[in-house]
Amino acid sequence: MGRTNILKLAAVAAGIMLAATGCGVTGNDAGASGSAAESGPVTGLRIMVPNSPGGGYDTTARVSAQVMEEADIAKSVEVFNLAGAGGTVGLARIVNEKGNNDLGMLMGLGVVGASYTNDTDARLTDTTPIARLIQEPGAIMVSKDSPYKTIEDLVAAWKKDPSKLAVGGGSSPGGPDHLLPMQLAQAVGIDAKKVNYVSYDGGGDLLPAILGNKLGFAASGAGEFLKQIQSGDVRVLATSGAERLEGVDAPTLKESGIDLEFSNWRGLVAPPGISDEAKARWIATLEKMHASEEWKAALKTNGWTDAFITGDEFAGFLTDQDKRVSDVLTALGLA
């Protein structure tokens with residue numbers, strides 16, 4: 001990507017509210033799951049993940065399915081991956097599955113940005129919003145063999161030669177893993193157009209690059225790398241939330257004297273044109289999941305912050321996010 005485009009995309013960060021393989025099966029009007037009023041567990045739900053296995057969307061989808069199974073909310077929830085183009089291959093699929101009552105897609109801020117920086121006509125505003133589930137801070141991470149022991153060490157080296165230090169993230173340009181290091185560069189006085197950002201298709205692809213010392217550092221959510229963090233194979237230098245991340249021994253950026261807070265979010269949408277009953281069933285199922293002790297434990301285990309909203313409220317949030325991204329990128333000539 002050219003330096004000018006990187007600088008322009010970095011500017012998007014100021015305009016976006018951040019803190020805040022299988023064949024399609026089209027369901028009938030009732031859907032395989034039956035009525036939202038049923039007391040028993042629903043069946044037939046499928047959740048598509050629009051990036052590779054091991055990434056943040058994938059982890060969130062599979063944990064959600066597991067919680068629904070363990071809490072006897074839903075049975076045999078299928079999770080499958082359809083990666084490509086920053087999530088827009090999956091977005092096009094969900095938009096084209098009009099009326100499929102039993103299919104959902106796990107998504108987040110990265111898909112919003114990718115829908116404008118990739119060649120696709122599909123938009124999240126074309127989908128049926130179901131629920132926002134979580135938000136999480138970003139993490140600045142290195143391998144255990146990295147010479148950088150603190151965020152101060154890293155920033156000092158980065159300032160000396162920004163273009164030499166490769167920065168990896170599990171999202172396309174315009175996504176959260178791209179915006180975090182761009183904002184960090186600005187916060188520490190580095191020219192964003194000199195940042196050498198390397199895009200990976202999700203955390204599953206990013207992890208080998210971290211472990212293999214192919215990057216100076218990585219910027220992504222810590223939740224999808226907790227096993228490696230706990231084993232010591234990945235070291236977190238700082239996190240980007242307002243408070244320290246439980247279970248991760250690292251300061252916040254603000255604690256380290258860097259004036260930056262940043263959070264990503266994830267949620268679930270369904271295809272356009274699903275029945276009112278199906279939409280209510282999806283929402284009721286996720287409300288039960290959200291209220292379960294198993295979900296509360298999952299939030300803690302994965303370092304996620306509860307950000308649950310549903311239906312019309314989530315629709316308004318998505319519309320706002322989409323408009324902010326569209327307006328900024330259009331003004332910059334990138335959309």
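Residue numbers restart at each chain and count upward from 1, following the sequence in its written direction. At least 70 in pLDDT is required for a residue's local features to be given in this predicted model, at least 80 for side-chain atom pairs to be given and counted, and no such filter applies to totals for whole chains, interfaces and linings, which use all residues. Working from all heavy atoms in the structure, the side-chain values ignore hydrogens and water.

**Q** Residues and numbers for the side chain of asparagine 51, please.
**A** Looking at where asparagine 51 falls in the secondary structure, it is placed in the loop between strand 2 (46–49) and helix 2 (56–70). The classification of residues rests on relative accessible area computed with a 1.4 Å probe and restricted to protein chains. Under 20% of the type maximum is buried, over 50% is exposed, and intermediate values are partly exposed. Judged by its relative accessible area of 8%, asparagine 51 falls in the buried class. When neighbours within four sequence positions are excluded, asparagine 51 is seen to be in contact with Tyr57, Asp58, Asn81, Leu82, Ala83, Asp201 and Gly202. Strands are runs of DSSP state E lasting at least 2 residues, helices are runs of H or I lasting at least 4, and numbering of each runs from the N terminus. Note on contacts: a residue pair is in contact if any heavy atoms of the two residues lie within 4.5 Å.

**Q** Break down the pattern of salt bridges for me, with residues and values.
**A** Salt bridge, as used here, is a side-chain nitrogen of Lys or Arg placed within 4 Å of a carboxyl oxygen of Asp or Glu. The final tally for this structure, using the stated rule, is 13 salt bridges. In this structure, arginine 62 engages aspartate 58 in a salt bridge whose closest nitrogen and oxygen atoms are separated by 2.8 Å. In this pair, arginine 62 and aspartate 58 are both assigned in helix 2, four residues apart and thus about one turn of the helix distant. Arginine 62 sits in the partly exposed class, given a relative accessible area of 37%. Where lysine 296 meets glutamate 293, a salt bridge forms, and the shortest distance between an N and an O atom there is 3.4 Å. Placement of both lysine 296 and glutamate 293 in helix 10 (residues 293–302) is noted, with a separation of three residues, approximately one turn of the helix.

**Q** With reference to specific residues and values, describe the pairing of strand 2.
**A** A two-sided burial pattern is seen for strand 2, the buried positions comprising Arg46 and Met48 on one face and Ile47 and Val49 on the other. When DSSP locates at least two bridges between a pair of strands, those strands are taken to pair. Across four bridges, the pairing between strand 2 and strand 4 (residues 78–81) is parallel. Paired with arginine 46 across the bridge in strand 4 is glutamate 78.

**Q** How would you summarise the nonpolar core if you had to cite specific residues and measurements?
**A** A general tendency of soluble globular proteins is for nonpolar side chains to be buried together. To qualify as a nonpolar core, a set must consist of buried Ala, Val, Leu, Ile, Met, Phe, Trp, Tyr and Cys residues joined through side-chain atoms within 4.5 Å. Counting 52 residues, the largest nonpolar core has Ile47, Met107 and Trp295 as its most contacted members. The element contributing the most residues to this core is helix 2, with six residues. Those residues in contact with methionine 107 that sit more than four places away from it in its chain are Tyr57, Leu124, Trp265, Arg266, Gly267, Leu268, Val269, Phe314 and Leu318. The next biggest cluster of nonpolar side chains, apart from the first, holds 27 residues, and it includes Ile140, Val167, Ile190 and Leu253.

**Q** Run through the packing of helix 2 against helix 10, naming residues and quoting values.
**A** Two quantities define a packed helix pair, namely the angle between the helix axes and the distance between the axes. Think of each axis as a best-fit line through the C-alpha atoms, taken over the contacting stretch in the case of a helix, with angles from 0 to 180 degrees between the N-to-C directions. Here helix 2 crosses helix 10 at 150°, and the two axes come no closer than 9 Å. Between helix 2 and helix 10, the angle falls in the class roughly antiparallel. Our pair here, helix 2 against helix 10, has a crossing hand that is right-handed. In this structure, helix 2 contributes Thr59, Val63, Ser64, Val67 and Glu70 to the contact, and helix 10 contributes Glu294, Trp295, Ala298 and Asn302. Amino acids outside the nonpolar list (Ala, Val, Leu, Ile, Met, Phe, Trp, Tyr, Cys, Pro) and the charged list (Asp, Glu, Lys, Arg) are all regarded as polar, and Gly is one of them. Along the lines of polarity and charge, the residues of the contact of helix 2 with helix 10 split into four nonpolar, three polar and two charged. Here is the rule for angles: anything less than 35 degrees is roughly parallel, anything more than 145 is roughly antiparallel, 65 through 115 is roughly perpendicular, and the remaining ranges are oblique. For any helix crossing, the convention is left-handed if the near helix is rotated counterclockwise from the far helix by under a right angle, and right-handed if that rotation is clockwise.

**Q** Tell me about the packing of aromatic side chains, and please be specific about residues and values.
**A** Aromatic rings from Phe, Tyr and Trp, taking only the six-membered ring of Trp, are treated as a pair when their centres fall within 6.5 Å; an angle between ring planes under 30 degrees marks them as stacked, one over 60 as edge-to-face, and anything in between as tilted. Per the stated rule, a full pass over the model turns up five aromatic pairs. When the ring of phenylalanine 314 is compared with that of phenylalanine 317, the centres are 6.4 Å apart and the planes differ by 20°; the resulting orientation is stacked. With a gap of three residues between them, phenylalanine 314 and phenylalanine 317 both fall in helix 11 (residues 311–331), about one helical turn apart. With respect to class, phenylalanine 314 is no different from phenylalanine 317; both count as buried. Feature note: the residues Trp265, Phe314 and Phe317 constitute an aromatic cluster, connected by ring pairs. The rule for a charge over a ring is simple: NZ of Lys or CZ of Arg within 6 Å of the ring centre, and within 35 degrees of the ring normal. Residue placement shows arginine 123 over the ring face of tyrosine 116; its charged tip is 4.0 Å from the ring centre. In this arrangement the basic side chain of arginine 132 is found over the ring face of phenylalanine 317, its NZ or CZ atom lying 4.7 Å from the centre.

**Q** I'd like a description of the environment of asparagine 101, backed by residues and values.
**A** Tracing the chain through its elements places asparagine 101 in the loop between helix 3 (88–96) and strand 5 (103–108). For the pair asparagine 101 and alanine 270, spaced 169 residues apart in sequence, the C-alpha separation works out to 7.6 Å.

**Q** With reference to specific residues and values, describe the environment of threonine 128.
**A** Within the secondary structure, threonine 128 sits in strand 6 (residues 128–143). Residue classification places threonine 128 among the buried positions, given a relative accessible area of 12%. A C-alpha to C-alpha distance of 8.0 Å links threonine 128 and lysine 279, two positions 151 residues apart in sequence. Setting aside chain neighbours within four positions, we find threonine 128 in contact with Val269, Ala270, Pro271, Pro272, Gly273, Ile274 and Lys279. Nitrogen and oxygen atoms within 3.5 Å of one another constitute a polar contact, given that in protein one can donate a hydrogen and the other can accept it, and given that sequence-neighbouring residues count only through two side-chain atoms. A polar contact of 2.7 Å, which involves the side chain of threonine 128, links it to the backbone oxygen of proline 271.

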